[in-house]
Amino acid sequence: MSAADKSGRAQQMRAKAQDLEQAAERATDPQERQRLKDKARQLKEQSEHAGGGTGKPDIDPTM
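Scope of this entry: the structure provided in the associated data block.

## Some points on the overall build of the protein
On a plain count of helices and strands, the protein comes out with two helices and zero strands. Every one of the 63 residues in the protein was classed for burial, and the buried ones make up 17%. Total accessible area computed for the protein in this model is approximately 5,100 Å², and 48% of it derives from carbon and sulfur atoms.

## Things to note about the nonpolar core
Membership of the largest hydrophobic core is limited to eight residues, which are Met13, Ala17, Leu20, Ala24, Ala27, Leu36, Ala40 and Leu43. At the level of secondary structure, the elements contributing two or more residues to this core comprise helix H1 (3–26) and helix H2 (30–51). Considering each element in turn, this core owes the most residues, four residues, to H1. Residues in contact with Ala17, not counting those within four places in the same chain, are Ala40, Leu43 and Lys44.

## Quick look at the pattern of salt bridges
Scanning all chains against the criterion turns up three salt bridges. Glu21 serves as the salt-bridge partner of Lys44, at 2.5 Å between the closest nitrogen and oxygen. Note that Lys44 is positioned in helix H2 and Glu21 in helix H1, a separation of 23 residues in sequence. Accessibility expressed as a relative area gives 34% for Lys44, which makes it partly exposed.

## Re H1
If you check H1, its first and last C-alpha atoms are 35 Å apart, about what 24 residues at 1.5 Å a residue would give, namely 34 Å. Taken together, the buried positions of H1 are Ala10, Met13, Ala17, Leu20 and Ala24.

## Looking at the environment of Arg35
Looking at the secondary structure, you find Arg35 in helix H2. On a C-alpha basis, the gap between Arg35 and Leu20 in space is 9.5 Å, while along the polypeptide they are 15 residues apart.

The rules behind the values
In every chain, residue numbers begin from 1 and rise along the written sequence. For this predicted model, a pLDDT threshold of at least 70 governs which residues receive local features, and a threshold of 80 or more governs which side-chain atom pairs are given and counted, while totals over whole chains, interfaces and linings are taken from all residues. As a convention, hydrogens and water are excluded, and side-chain values are obtained from all of the structure's heavy atoms. Runs of H or I in DSSP of at least four residues are treated as helices and runs of E of at least two as strands, each being numbered from the N terminus. Per-residue accessibility, obtained with a 1.4 Å probe over protein chains only, is compared with the maximum for each type, and a residue is labelled buried under 20%, exposed over 50%, and partly exposed between these values. Accessible areas in this description were obtained via Shrake-Rupley with a 1.4 Å probe; residue shielding takes into account the shown protein chains only. Residues belong to a common nonpolar core when they are buried Ala, Val, Leu, Ile, Met, Phe, Trp, Tyr or Cys residues joined through side-chain atoms within 4.5 Å. The contact criterion used throughout is that any non-hydrogen atoms of two residues lie within 4.5 Å. Salt bridges, as used here, are contacts in which a Lys or Arg side-chain nitrogen is within 4 Å of a carboxyl oxygen on Asp or Glu. The span you would expect from a helix comes to 1.5 Å times its residue count less one.

As far as function goes, none of this settles anything; it's purely spatial.
Here it is, written out as structure tokens:
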């Protein structure tokens, strides 16, 4: 898988995580709200591993 593929996949995962967070905010059932929040957190973590974090460029802190 190329870097562009990984980046695109990670971006899709972050977008899905954001959708889940919004759904959690609208959920009236506390258990459903927590389930959605947990799923969103898992997707964010997976996207960080799959696509190199937030998509921000790496900056050398020694410069």
